[in-house]
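# Descriptive analysis of the structure
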Amino acid sequence: MRRGWKMALSGGLRCCRRVLSWVPVLVIVLVVLWSYYAYVFELCLVIYLIFYHAIFVFFTWTYWKSIFTLPQQPNQKFHLSYTDKERYENEERPEVQKQMLVDMAKKLPVYTRTGSGAVRFCDRCHLIKPDRCHHCSVCAMCVLKMDHHCPWVNNCIGFSNYKFFLQFLAYSVLYCLYIATTVFSYFIKYWRGELPGVRSKFHVLFLLFVACMFFVSLVILFGYHCWLVSRNKTTLEAFCTPVFMSGPEKNGFNLGFVKNIQQVFGDNKKFWLIPIGSSPGDGHSFPMRSMNESQNPLLANEEPWEENEDDSRDYPEGSSSLAVETET
């Protein structure tokens, strides 16, 4: 009886958590809908409406894709078979378990390790983690090339939707900038007392204030992710240096500026501004700097990174100054 009551309570709490996780998304949607109403129906800036709607369409399109593009999980070959799982769980000696994982990983394209040099293994999903894959404690799954879990889209940002997230940030910055610059002339009229109507004054003030407020925060976040893309890093890799078989290397995936951009947006430039999947590869393996040094010896001139972090630790749900990251 008591066990059933606890299970019901736990299920209710999980349900409430899922509902509450949509609150940030609802806030953004309401703000956007109000800005659309205020700009189009209250101020009626006819001259600017064509460009406004073009930006608005791409802004909402990329936001939709960021929210509803599901995170991609490792395929079945990275999961332990039933037999291997039984052997691993029944083995009580840690050193033997470690060697079992090493033997299994030899058949997989896995080159990153934990800080102690062990194979990166998720004991929740029972799989060997592909390179750049991490476990999200919010989504309760391993996510390929995980960047962070973003509460503003209620989704985990990773290989499948990182391009869409970057485009969403870019169009958000453009949307706020466009509103702020076109509404500013009306703000001057309001300041001089030349703007009739109380409702128009309210919308002008709040449109300018909200647009400027979001612009400042978004341009910082967008600039940070542009820097990450230029170095071919994820947010997690920026805070925790990836460890390879040869040791920690902060530039392990840095292929050069152009190739780094292509790793996110693809080779075809006509798809770079459109929220259509064009990232190369399958998210399970990535070209590495060490594999390109023989072709470009200049890559070997930079100094190696000195940090050494253990990738096997469990990060609880929390937030950095830029985004929420929850990873194992």
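This report concerns the structure included in the present document. (Residues numbered from 1 in each chain as written. Predicted model: local features only at pLDDT ≥ 70, side-chain atom pairs only at ≥ 80, totals over all residues. Heavy atoms only, no water.)

A word on the overall build of the protein chain. The helix and strand inventory of the protein chain stands at 10 helices and 11 strands. Buried positions account for 45% of the 328 residues belonging to the protein chain. Counting only contacts in the protein chain whose residues sit at least 6 apart along the sequence, the fraction spanning at least 24 positions is 64%. For the protein chain, the computed accessible surface area is about 18100 Å², with 64% contributed by carbon and sulfur atoms. (Helix = DSSP H or I, 4+ residues; strand = E, 2+ residues; numbered from the N terminus. Buried < 20%, exposed > 50% of the residue type's maximum accessible area, 1.4 Å probe, protein only. Contact = heavy atoms within 4.5 Å. Areas by Shrake-Rupley, 256 points an atom, 1.4 Å probe, with all protein chains shown as cover.)

Our next topic: the sheet that holds strand 1 (residues 112–113). Overall, antiparallel pairing links the 3 strands, which are arranged 1-8-9 in an open sheet. Because the sheet does not close on itself, it has two edges, and the strands there are strand 1 and strand 9 (247–248). The pairing of strand 1 with strand 8 (residues 243–244) spans 2 bridges and is classified as antiparallel. By the bridge assignment for strand 8, Arg113 is matched with Val243. (Pairing = 2+ DSSP bridges.)

On to a nonpolar patch on the surface, then. Taken together, Phe202, Leu205, Phe206, Phe209 and Met213 make up a surface patch of nonpolar side chains, about 470 Å² in accessible area. Along the polypeptide, Phe206 turns up in helix 7 (residues 198–231). A residue is classified by how much of its surface remains accessible, and Phe206, at 39% relative accessible area, is partly exposed. (Patch = residues over 30% accessible without salt bridge, like charges linked within 9 Å, V, L, I, M, F, W, Y side chains within 5 Å. Salt bridge = Lys/Arg side-chain N within 4 Å of Asp/Glu carboxyl O.)

The next subject is the side chain of Gln167. Take Gln167: it is sitting in helix 6 (residues 162–191). With near-sequence residues (within four places) excluded, Gln167 lies in contact with Thr62, Phe265, Phe271, Trp272, Leu273, Ile274 and Pro275.

Residues Tyr39, Tyr52, Tyr162, Ile179 and Val183 are the most contacted members of the largest nonpolar core, which totals 43 residues. Among the secondary structure elements, those contributing two or more residues to this core are helix 2 (23–43), helix 3 (49–68), helix 6, helix 7 and helix 9 (257–265). Per-element tally for this core: the top contributor is helix 6, with 14 residues. Apart from residues no more than four positions distant in its own chain, Tyr162 is found in contact with Asp147, Ile157, His225, Leu228, Val229 and Val264. Residues Phe78, Leu101, Ala105 and Ile128 belong to the second largest nonpolar core, which totals 12 residues. (Core = buried A, V, L, I, M, F, W, Y, C linked by side-chain atoms within 4.5 Å.)

With that settled, the discussion passes to the packing of aromatic side chains. Applying the stated criterion to the full structure yields 23 aromatic pairs. With a centroid separation of 5.6 Å and 40 degrees between ring planes, the pair formed by Tyr52 and Tyr175 is classed as tilted. Residue Tyr52 is found in helix 3, and its partner Tyr175 is found in helix 6; the two are separated by 123 residues along the sequence. In this structure, Tyr52 and Tyr175 share a single accessibility class: buried. Pairing Tyr63 with Phe168 gives two aromatic rings, centres 4.7 Å apart and planes at 25 degrees, and the pair type is stacked. With a gap of 105 residues between them, Tyr63 in helix 3 and Phe168 in helix 6 connect regions that are remote in the sequence. You'll find Tyr63 and Phe168 in the same group, each marked buried. Aromatic ring contacts, followed pair by pair, group Tyr36, Tyr37, Tyr39, Phe41, Tyr52, Phe56, Phe59, Tyr63, Phe168 and Tyr175 into a single cluster. (Phe/Tyr/Trp six-rings, centres within 6.5 Å; stacked < 30°, edge-to-face > 60°.)

Bringing the pattern of salt bridges into the picture now. Evaluated as defined, the whole model comprises 4 salt bridges. Put simply, Glu91 and Arg93 hold a salt bridge, and the shortest N to O gap is 2.8 Å. For Arg93, a relative accessible area of 45% gives the class partly exposed. Glu237 serves as the salt-bridge partner of Arg132, at 2.8 Å between the closest nitrogen and oxygen. With Arg132 in the loop between strand 3 (127–128) and strand 4 (134–136) and Glu237 in helix 8 (residues 235–239), this residue pair connects regions lying 105 residues apart in the sequence. Of the two residues examined, Arg132 and Glu237, each falls in the buried class.

As a further point, take helix 2. Across its 21 residues, helix 2 extends 29 Å between first and last C-alpha, which sits within 8% of the 30 Å expected from 1.5 Å per residue. Of the positions making up helix 2, those classed as buried are Pro24, Val25, Ile28, Val32, Ser35, Ala38, Tyr39, Val40, Glu42 and Leu43. (Expected span 1.5 Å × (residues − 1).)

Once that is clear, we can look at unusual backbone geometry. Despite not being glycine, His126 shows a phi value in the positive range, around 55 degrees. Along the chain, His126 turns up in the loop between strand 2 (121–122) and strand 3. The phi torsion at Asn154 lies on the positive side, around 50 degrees, for a residue other than glycine. On the secondary structure map, Asn154 appears in the loop between strand 6 (148–150) and strand 7 (155–157).

The next subject is helix 5 (residues 94–105). Across its 12 residues, helix 5 extends 17 Å between first and last C-alpha, which sits within 8% of the 16 Å expected from 1.5 Å per residue. Within the sequence span of helix 5, burial applies to Gln97, Met100, Leu101, Met104 and Ala105. Angular distribution of buried residues about the axis of helix 5 spans 130 degrees; they occupy a single face of the element. (Arc of directions from axis to C-beta.)

Relative orientation of the contacting elements helix 4 (residues 82–90) and helix 5 amounts to 155 degrees, with a least axis distance of 9 Å. Classed by the angle they form, the pair helix 4 and helix 5 counts as roughly antiparallel. For helix 4 against helix 5, the interelement crossing comes out left-handed. From helix 4, Asp84, Arg87 and Tyr88 reach across to helix 5, where they touch Gln97, Met100, Leu101 and Met104. Each residue belonging to the contact of helix 4 with helix 5 can be placed in one class, and the counts come to 4 nonpolar, 1 polar and 2 charged. (Axes fitted to C-alpha atoms, helices over the stretch in contact; angles between N-to-C directions. Parallel < 35°, antiparallel > 145°, perpendicular 65-115°, else oblique. Left-handed = near helix turned anticlockwise from the far one by under 90°. Nonpolar A, V, L, I, M, F, W, Y, C, P; charged D, E, K, R; others polar.)

So yeah, pure geometry; function would need other evidence.
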